[in-house]
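The residues making up each chain are set out below.
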Amino acid sequence: MALNDSTTNDQALLDAQRELWHHTLGYIKSMALKAALDLRVADAIHHHGGAATLPQIATRVALEPSKVPCLQRLMRVLTVTGVFTVLGHQPADDDDGDGDEHVAAYGLTPASRLLLVGSPSVSPFLALMLDTTFVSPFFGLGTWLQRGKLPPEQSLFEMAHGKKPWDLATRDPAFGSLFNEGMVADSGFVMDIVVRECADVFRGVGSLVDVAGGLGGAAQAISKAFPDVKCSVLDLPHIVADAPAGTDVKYIAGDMFESIPAGNAIFLKWVLHDWGDAECVKILKNCRKAIPSREEGGKVIILDMVVGAGPPDLKHRETQVLFDLFIMFVNGIERNEQGWKKIIFDAGFSDYKIIPVLGVRSIVEVYP
């Protein structure tokens, strides 16, 4: 009995060690994905009709021949973790006359199809998320939490880089390009789905102002899908100065903390999660001043994350809380329903509705 107890306890210890190793090595999954992005492995497989052997991938990505065994180990991680799949085996190209050796053929999954160059592609957004500029601040997370002599309002990103990410983007052309391309790619991806799955949200809206809408990707998608909606974008003057010409979208230079132009609806896509409660209440109060009553169709449309909304499966919940910890590096927060309810009512609104149809994100309609 004692022996059995000892064996059980040892197994529990080994299980605990495995759990900690799994957490510790989690960053390897991210770096393996980054390598696949850098090498454009998905495009290499797509080039070969959706099924490519290791030698075919290696040739397409111009790999150093001595690194082919390393590529195989990388692909093993990426298939075990579900980014790619193994379709089976097929004859290898036999240039050396060594016989009909069979090798694995790698294929695309729904996830890796989103890595292909073109639309819809999430690669630019993932490249931003996995860039050293975004990853490196988290090495100082423990120090930042202790604060020490740091100013209380200084974000984790500022502690690492001395600037906010949007300030760094204006001063560092390479990072700025990466930042803008990532935001545009994410906007294009999610807005394609929004205009299909959330069409009722925009029906009956005469005019809409996309607050902090950047170069207008979201507003242009709404304008194209709903031609009767007059769309405008409000953003800072230096952003509006680079706005594209020849679109149906009107661009307005301004500051959402000062005032927001009038419209039947105000659209906030991934804006409020960057700010604390006090700032969000200020923005929302300005939104409320800009719209008519609920009876006249006035509302605020928020595209953001509601932690806890959506399917109850572990991967969904884990992704939401991981993103919440991620956005903390700019002092942002992904709110649960109670958090949203607080800032919505503190800003003077009377009601809201959560529509969890955008994966880990949701649409929140807010009514005056």
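Our structure's up above, just so we're on the same page.
Residues numbered from 1 in each chain as written. Predicted model: local features only at pLDDT ≥ 70, side-chain atom pairs only at ≥ 80, totals over all residues. Heavy atoms only, no water.

Student: Can you break down the pattern of salt bridges residue by residue, with the values?
Tutor: Counted according to the given criterion, the structure contains 11 salt bridges. A salt bridge links Asp277 to Arg335, with the nearest nitrogen and oxygen atoms 3.0 Å apart. Note that Asp277 is positioned in helix α16 (residues 277-290) and Arg335 in the loop between α17 (314-327) and α18 (337-346), a separation of 58 residues in sequence. The class of Asp277 is partly exposed, set by a relative accessible area of 32%. The partner of Lys353 in a salt bridge is Glu365, with the nearest N and O atoms 3.5 Å apart. In this pair, Lys353 sits in strand β9 (residues 351-358) while Glu365 sits in strand β10 (residues 361-367), placing the two residues 12 residues apart along the sequence. By relative accessible area, which is 5% here, Glu365 ends up buried. The network of salt bridges with common partners includes Asp186, Lys269 and Arg361. (Salt bridge = Lys/Arg side-chain N within 4 Å of Asp/Glu carboxyl O. Helix = DSSP H or I, 4+ residues; strand = E, 2+ residues; numbered from the N terminus. Buried < 20%, exposed > 50% of the residue type's maximum accessible area, 1.4 Å probe, protein only.)

Student: Any details on α18? Residues and values, ideally.
Tutor: Every buried residue of α18 is listed here: Trp340, Ile343 and Ile344. Relative to the axis of α18, the buried residues are bounded by an arc of 100 degrees and lie together on one face. Phi turns positive one or two residues past the end of α18, at Gly348, with a value near 95 degrees. (Arc of directions from axis to C-beta.)

Student: Account for the sheet that holds strand β4 (residues 207-211), with residues named and values stated.
Tutor: Reading across from one edge, β6-β5-β4-β7-β8-β10-β9 is the order of the seven strands in this open sheet, with mixed pairing throughout. Taken across any chain shown, the strands that pair with only one partner, and hence form the sheet edges, are β6 (250-253) and β9. The mean angle between the axes of side-by-side strands here comes to 20 degrees, regardless of whether they run parallel or antiparallel. Pairing between β4 and strand β7 (residues 265-269): three bridges, direction parallel. (Pairing = 2+ DSSP bridges. Axes fitted to C-alpha atoms, helices over the stretch in contact; angles between N-to-C directions.)

Function-wise, these values are silent; they only describe arrangement.
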